[in-house]
Amino acid sequence: MHNQSLIELIGEDAEIAGIGQWLEQNGRRLVRSSIEEPVAAGSGERIVIRLFVIGPTTSARAISQRLRHDSREGVATAGCVAPQDRTALSKALALGLDDVLVFDRNRFPLASRQAGIASQLSGSGEEQHDSVEDEEDDHRLHRQLRHLALLACARMETVMRDSAARMLRPVPGGSRTTRPAAGPVTAPPLSVLLVGPPSQAKVRINEALGPVSVSHAETVAAAQRILTHERFDIAVLGAHDERSQRTVQAWPVTDRRSDPLVIGIVDRKQLAGEALEAWMQRHRVMDAITTSMTLEEVRLHLHFWQEFARVRARLLGHSQSMPADACSEQAPGAVSRDFFQACVEQRRKGGNTDLCPVFTLRLEDLWDIGEEHGYDTAGELLGRMVSSVLESLSMFDLAAYCGNGQLIVILGSYDDSDDPLAAAARASERALAKVRKEVGDFEQTHPHFSAEPQVLVPEIDLSIQLHALLGMCRERRMVIERRPVTEPEQHHVRSLEPA
């Protein structure tokens with residue numbers, strides 16, 4: 001499934017003109033509508049971002065009614081507001097929108113009149129300052145739109161997996177059904193780790209988080225000790241002054257999908273623009289909260305990441321809420337082949353013609369290791385392989401155990417410009433490297449791993465493609481394990497041939 005998303009810009013024509021122009025200039029797929037229009041724009045799209053332009057006279061009730069009429073998944077919502085518009089921020093918080101995008105005076109007509117007076121009184125040098133701030137705002141807005149697309153994609157993924165799980169639930173008589181589960185699955189409470197020296201910024205973060213479990217660590221070393229025996233959904237790194245920046249320099253950068261989402265606290269006077277982008281990329285920081293934000297702005301910001309963490313937790317811990325026949329007993333953490341096939345079928349519904357990138361990863365000599373070192377050792381090695389593969393994947397990817405030491409993985413999301421087969425090849429190489437690195441204590445068994453990237457095409461029956469893919473795995477295994485044939489065996493084979 002592509003990360004491609006449709007943006008629906010909702011508001012009056014005079015309000016959305018500047019914002020719509022900015023979105024189009026940046027290559028965004030865009031449709032326009034008013035708040036009173038029925039929900040029709042993007043009704044056939046799987047991933048939609050709805051941007052509500054909120055000003056002093058915007059009716060919160062009208063937006064609320066619009067939200068109620070569009071309750072389907074695969075949608076993320078945000079408010080577009082002018083700088084310093086506290087009324088609009090309060091409306092967005094009350095409406096429960098996922099995020100708030102602040103557009104400057106050049107793109108938000110409702111704020112342009114006030115900003116025009118301020119610019120006339122500011123004197124020379126204003127244009128240069130504005131261009132620097134505009135560049136920083138562009139970085140921030142692009143990040144927020146990218147994160148909204150990820151949230152919408154994750155919501156759609158949970159819906160498809162829930163639908164696939166319902167297909168596997170038996171009913172009296174032995175047939176399958178799509179009826180809903182007996183009751184909703186209660187998500188565990190979120191846990192947040194605040195890292196950095198004591199500061200007023202951390203106090204404000206703690207206050208804005210609301211009713212969640214919060215732990216504190218003044219140093220990265222203390223945070224690492226906590227992370228070894230406790231799981232966290234979000235980690236907030238204090239980097240708002242020189243001391244705290246030095247403290248978080250040692251933050252470990254890993255690619256495990258079970259790691260907490262990392263958010264930074266920064267001061268725009270010390271870390272902004274390209275320097276901020278580089279710092280975030282170096283430390284794998286998803287987003288940044290500035291010390292100049294009001295408490296309400298911080299609360300709205302954290303609200304988004306708390307919702308994102310909840311959806312992410314559902315995807316990563318999905319096997320805990322699935323029926324027993326959807327999970328693999330031999331490889332904990334992986335799903336069964338039936339559930340895997342049901343998930344792929346869900347992706348194809350609605351006329352989706354995207355190619356599905358997949359790859360297989362195999363422990364080629366599983367049975368030889370079992371015979372030589374014991375089947376308990378082979379089972380532990382298989383478990384290590386599965387856990388390593390899972391840690392190398394994204395939250396959208398799904399891995400199924402197909403027996404004989406074989407895993408098949410479908411990539412749930414990849415970039416629009418990426419070739420599906422190339423995406424599968426990179427993911428397989430990353431998983432293979434992770435597995436070989438994490439073998440550890442099992443090196444004495446001399447395991448041999450291999451991977452094979454492929455794509456599933458919509459024109460061919462899915463079962464046939466899966467059989468062919470796993471059949472190629474078996475053929476490759478036979479070639480690798482082939483032994484020299486002795487002469488008596490050759491005579492025996494010839495004796496079975498017809499005269």
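The model shown is predicted, which means the values in this text are computed figures rather than measured ones. (Residues numbered from 1 in each chain as written. Predicted model: local features only at pLDDT ≥ 70, side-chain atom pairs only at ≥ 80, totals over all residues. Heavy atoms only, no water.)

A. Expanded view of the packing of helix α3 (residues 86-95) against helix α10 (residues 295-316). Running from N to C, α3 and α10 point in directions that differ by 35 degrees, and their axes come no closer than 10 Å. Our pair here, α3 against α10, has a crossing hand that is left-handed. Across the interface between the two elements, Arg86, Leu89, Ser90, Ala92 and Leu93 from α3 touch Glu296, Glu297, Arg299 and Leu300 from α10. Across the contact of α3 with α10, the residue classes break down as four nonpolar, one polar and four charged. (Axes fitted to C-alpha atoms, helices over the stretch in contact; angles between N-to-C directions. Helix = DSSP H or I, 4+ residues; strand = E, 2+ residues; numbered from the N terminus. Left-handed = near helix turned anticlockwise from the far one by under 90°. Contact = heavy atoms within 4.5 Å. Nonpolar A, V, L, I, M, F, W, Y, C, P; charged D, E, K, R; others polar.)

B. Broad picture of the sheet that holds strand β12 (residues 398-401). Read across the open sheet, the four strands follow the order β12-β13-β11-β14; overall the sheet is antiparallel. The open sheet has two edge strands with one neighbour each: β12 and β14 (449-456). On average, adjacent strands in this sheet sit at an angle of 20 degrees to one another, irrespective of strand direction. For β12 and strand β13 (residues 406-410), the ladder comprises four bridges, and the chain directions are antiparallel. (Pairing = 2+ DSSP bridges.)

C. Main features of the side chain of Gln306. With respect to the secondary-structure elements, Gln306 resides in helix α10. Excluding residues that lie within four positions of it along the chain, Gln306 makes contacts with Leu190, Leu209, Val212 and Ile234.

D. Local environment of the sheet that holds strand β10 (residues 287-290). Spatial strand order, β7-β6-β8-β9-β10: five strands in an open sheet with parallel pairing. Among the strands making up the open sheet, the edge pair consists of β7 (213-217) and β10. Within the sheet, the average angular offset between the axes of one strand and its neighbour, ignoring direction, is 25 degrees.

E. Examining the nonpolar core more closely. In this structure, Leu9, Leu23, Leu51 and Ile205 are the most contacted members of the largest nonpolar core, which totals 54 residues. With eleven residues, the top contributor of residues to this core is helix α5 (residues 126-167). Look past the residues within four positions of Leu51 in its chain and what remains in contact with it is Ile7, Glu8, Leu9, Ile10, Leu23, Ala78, Cys80, Leu101 and Leu145. One finds Ala334, Leu390, Tyr414 and Phe442 within the second-largest nonpolar core, a separate group that totals 29 residues. (Core = buried A, V, L, I, M, F, W, Y, C linked by side-chain atoms within 4.5 Å. Buried < 20%, exposed > 50% of the residue type's maximum accessible area, 1.4 Å probe, protein only.)

F. Here's a closer look at the environment of Leu466. Following the sequence through the fold, Leu466 ends up in helix α15 (residues 462-481). With relative accessibility at 2%, the residue Leu466 sits in the buried group. Along the backbone, Leu466 and Arg337 are 129 residues apart, and their C-alpha atoms lie at a distance of 9.6 Å. Not counting chain neighbours up to four residues away, the residues in contact with Leu466 comprise Arg337, Phe340, Gln341, Ile408 and Leu456.

G. Looking closely at the side chain of Thr77. Structurally, Thr77 is set in strand β4 (residues 75-81). Residue Thr77 is classed as buried on the basis of its relative accessible area, which comes to 11%.

H. Examining the pattern of salt bridges more closely. Evaluation of the coordinates by the stated rule reveals 15 salt bridges. Asp233 is the salt-bridge partner of Arg231, the closest N and O atoms lying 2.8 Å from each other. (Salt bridge = Lys/Arg side-chain N within 4 Å of Asp/Glu carboxyl O.)

I. Focus on the packing of aromatic side chains. Tallied over the entire structure, the rule returns five aromatic pairs. Their ring planes at 85 degrees and their centres at 5.0 Å tell us that Phe304 and Trp305 sit as a pair that is edge-to-face. Here the two residues Phe304 and Trp305 agree in accessibility, since each one is buried. Taking the centre distance of 5.4 Å and the plane angle of 65 degrees together, the rings of Trp305 and Phe308 count as edge-to-face. With Trp305 and Phe308 both in helix α10 and three residues apart, the pair spans about one turn of that helix. Grouping residues by exposure puts Trp305 and Phe308 together as buried. Of the aromatic side chains, those joined through ring pairs into one cluster are Phe304, Trp305 and Phe308. (Phe/Tyr/Trp six-rings, centres within 6.5 Å; stacked < 30°, edge-to-face > 60°.)

J. Expanded view of α3. Those residues of α3 lying buried are Ala88, Leu89, Lys91, Ala92 and Leu95. Take α3 and look down its axis: the buried residues cluster within an arc of 160 degrees, on one side only. Where α3 begins, the side chain of Asp85 points an oxygen toward the backbone nitrogen of Thr87, at a separation of 3.3 Å. Looking one or two residues beyond α3, the residue adopting positive phi is Gly96, at roughly 75 degrees. (Arc of directions from axis to C-beta. Polar contact = N/O pair within 3.5 Å; in protein donor to acceptor, adjacent residues only side chain to side chain.)

K. The confidence of the model for the protein, seen in detail. When pLDDT is averaged along the protein, the result is 79, and 78% of the positions lie at 70 or above. Of all secondary-structure elements in the protein, the lowest mean pLDDT belongs to helix α16 (residues 487-495), at 32, while strand β6 (residues 191-195) reaches the highest, 94. Contacts for the low-pLDDT stretch residues 111-121, under 50 throughout, to residues beyond four places or in other chains number five contacts. Segment residues 174-184: pLDDT under 50, and 19 contacts once partners within four positions in sequence are set aside and those in other chains are kept. (pLDDT = per-residue confidence, 0-100.)

L. Helix α12 (residues 366-373), seen in detail. For α12, every residue scored as buried is listed here: Leu366, Ile369 and Gly370. Across the axial projection of α12, the buried residues extend over an arc of 100 degrees, all falling on one side. Residues Glu371 and Glu372 are exposed on α12 and point more than 90 degrees away from its buried face. Trailing α12 by a residue or two, Gly374 shows a phi angle of about 100 degrees, which is positive.

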